[in-house]
Amino acid sequence: MYTQFFGNYLLERGVVTQEQLFAAMQKQSNTRMKLGTLAIHAGYMTAVEVDNVIIQQTHKDMKFGELAVELGYLTNEQVVELLKSQSPDFLLLGQILVEDGVITNSDLENLILDYRSDNEMIDLDITATTHETIQKLLTKFFVTSEIPPTRFGVMFVELLFNNFVRFVGEDFTILNCVECDAYPVECCVKQTVNGEYSITSYLSMDKETAIEFASRYAGEPFDTYDEYVQASMEDFLNLHNGLFIVNVSNETSMELTISAPEVVEDPIIDFEDRTYLFPVLYSFGTVHFIFEIHRVVE
């Protein structure tokens, strides 16, 4: 999930446009991590040194690692270590942006340092996608969005983002959440979690986005917005909330229930309790996830 948070970080800083970010994210599955990118991330080489090796490769028929060792930038042991290392997925996104000419290796080097510093992430945190690191990023995300980061709130949103990755696709990024009192909807479904922790969640988007969302989730193509698309949206919401109450039950003694999902017919939703909107930017459109908090526990 690093990629989604890093994408938000890049957009917030104005480093990339949405179009540039989505184009890069769509290339991730077909792109291999380069040794130079790993070396920058590990702090073994500077961006200037990596660029110099790349330039030298145009004159010598040598692999990057061999040439870096010959030039004294890396040792053989460091090359082996880097080739065996597990790198965070956001690093590949940065590499693609370099290859696309959106940023330079020097930009990437500085962005990695700033991203670590801003999120108080040490080397151990950032070498693998761990539950603890994701929770740290989520807590920072909540604070930045001025949302009280409760235990169950972080659990709910972490599961939501994981479900987006698992069931719809990972080519999305997250914008900062905003509080809202009312929201105009086009295609929207909702469901309520009842109990000591009680919220109503809404999944809202325009028709074209809903058709692609449902097609990805169901694994079959839909051409028009109809009851099958609505049913897919309802099923995603029901699956997410069902997993959430199971996780709460497994981790605590709290037992929650969920209502049946339903289609929202009103063109505007007026919220009675504190409500937050999460815009999730996919390459095919924006998915708006809204949750209205009725009862909160720490």
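Residues numbered from 1 in each chain as written. Predicted model: local features only at pLDDT ≥ 70, side-chain atom pairs only at ≥ 80, totals over all residues. Heavy atoms only, no water.

## Re the packing of aromatic side chains
Two measures describe an aromatic ring pair: the distance that separates the ring centres and the angle between the ring planes.
Consideration 1: All told, the structure shown has 24 aromatic pairs when counted by the stated rule.
Consideration 2: Residues Phe 152 and Tyr 197 carry aromatic rings whose centres are separated by 5.6 Å and whose planes lie at 40° to one another, so their mutual orientation is tilted. Pair noted here: Phe 152 is in helix 11 (residues 151-167) and Tyr 197 is in the loop between strand 4 (187-194) and strand 5 (198-205), with a separation of 45 residues, a long-range link.
Consideration 3: Owing to a relative accessible area of 3%, Phe 152 belongs among the buried residues under this scheme.
Consideration 4: Between the aromatic rings of Phe 164 and Phe 213, the centroid separation amounts to 6.4 Å while the plane-to-plane angle is 80°, which identifies the pairing as edge-to-face. (Phe/Tyr/Trp six-rings, centres within 6.5 Å; stacked < 30°, edge-to-face > 60°. Helix = DSSP H or I, 4+ residues; strand = E, 2+ residues; numbered from the N terminus. Buried < 20%, exposed > 50% of the residue type's maximum accessible area, 1.4 Å probe, protein only.)

## Quick look at the pattern of salt bridges
Consideration 1: Taken as a whole and judged by the stated rule, the model has 7 salt bridges.
Consideration 2: For the salt bridge of Arg 216 with Asp 171, the shortest nitrogen-to-oxygen distance reads 2.7 Å. In this pair, Arg 216 is assigned in helix 12 (residues 207-218) and Asp 171 in the loop between helix 11 and strand 1 (172-174), connecting sequence segments 45 residues apart.
Consideration 3: Overall, Arg 216 belongs to the partly exposed group, its relative accessible area being 27%.
Consideration 4: With its nearest N and O atoms 3.1 Å apart, the salt bridge here joins Glu 179 to Arg 274. Taken together, the residues Glu 179 in strand 2 (residues 178-179) and Arg 274 in the loop between strand 8 (268-270) and strand 9 (275-282) connect sequence positions 95 residues apart.
Consideration 5: Residue class for Glu 179 comes out partly exposed when judged on its relative accessible area of 44%.
Consideration 6: Judged by relative accessible area, which is 43%, Arg 274 ranks as partly exposed. (Salt bridge = Lys/Arg side-chain N within 4 Å of Asp/Glu carboxyl O.)

## Regarding the environment of Ser 29
Consideration 1: Along the chain, Ser 29 turns up in the loop between helix 2 (18-25) and helix 3 (35-42).
Consideration 2: A relative accessible area of 66% places Ser 29 in the exposed class.
Consideration 3: Residues Ser 29 and Leu 92 lie 63 residues apart in sequence; the distance between their C-alpha atoms is 9.7 Å.

## Describing the packing of helix 7 (residues 89-99) against helix 8 (residues 105-118)
Consideration 1: Interaxial distance between helix 7 and helix 8 falls to 9 Å at its minimum, and their mutual angle equals 155°. Classified by the interaxial angle, the pair formed by helix 7 and helix 8 is roughly antiparallel. Viewed along their axes, helix 7 and helix 8 form a crossing whose handedness is right-handed. Where helix 7 abuts helix 8, its residues Phe 90, Leu 91, Gly 94, Gln 95 and Val 98 lie against Asn 105, Leu 108, Ile 112 and Tyr 115.
Consideration 2: Along the lines of polarity and charge, the residues of the contact of helix 7 with helix 8 split into 6 nonpolar, 3 polar and no charged. (Axes fitted to C-alpha atoms, helices over the stretch in contact; angles between N-to-C directions. Parallel < 35°, antiparallel > 145°, perpendicular 65-115°, else oblique. Left-handed = near helix turned anticlockwise from the far one by under 90°. Contact = heavy atoms within 4.5 Å. Nonpolar A, V, L, I, M, F, W, Y, C, P; charged D, E, K, R; others polar.)

## Points about the packing of helix 4 (residues 47-57) against helix 8
Consideration 1: Put simply, helix 4 and helix 8 touch, their axes get as near as 8 Å, and they point 150° apart. Overall, the two elements helix 4 and helix 8 adopt an arrangement that is roughly antiparallel. The handedness of the crossing between helix 4 and helix 8 is right-handed. Listed contacts from helix 8 to Ala 47, Val 50, Asp 51 and Ile 54 of helix 4 are Asn 105, Ser 106 and Glu 109.
Consideration 2: Of the residues belonging to the contact of helix 4 with helix 8, the class tally is 3 nonpolar, 2 polar and 2 charged.

## What to know about the pairing of strand 5
Consideration 1: The buried count for strand 5 comes to 8 of 8 residues, which makes it a mostly enclosed element.
Consideration 2: What you see with strand 5 is no split at all: Ser 198, Thr 200, Tyr 202 and Ser 204 on one side and Ile 199, Ser 201, Leu 203 and Met 205 on the other are buried throughout.
Consideration 3: Bridge count for strand 4 against strand 5 is 7 bridges, and the pairing is antiparallel. What sits directly across from Cys 187, in strand 5, is Met 205.
Consideration 4: Hairpin connection, strand 4 to strand 5: the antiparallel pair is bridged by 3 residues, and Gly 195 has positive phi, about 140°.
Consideration 5: As paired strands, strand 5 and strand 10 (residues 285-295) are joined by 7 bridges and run antiparallel to one another. Note that in strand 10 the partner of Tyr 202 across the bridge is Ile 290. (Pairing = 2+ DSSP bridges.)

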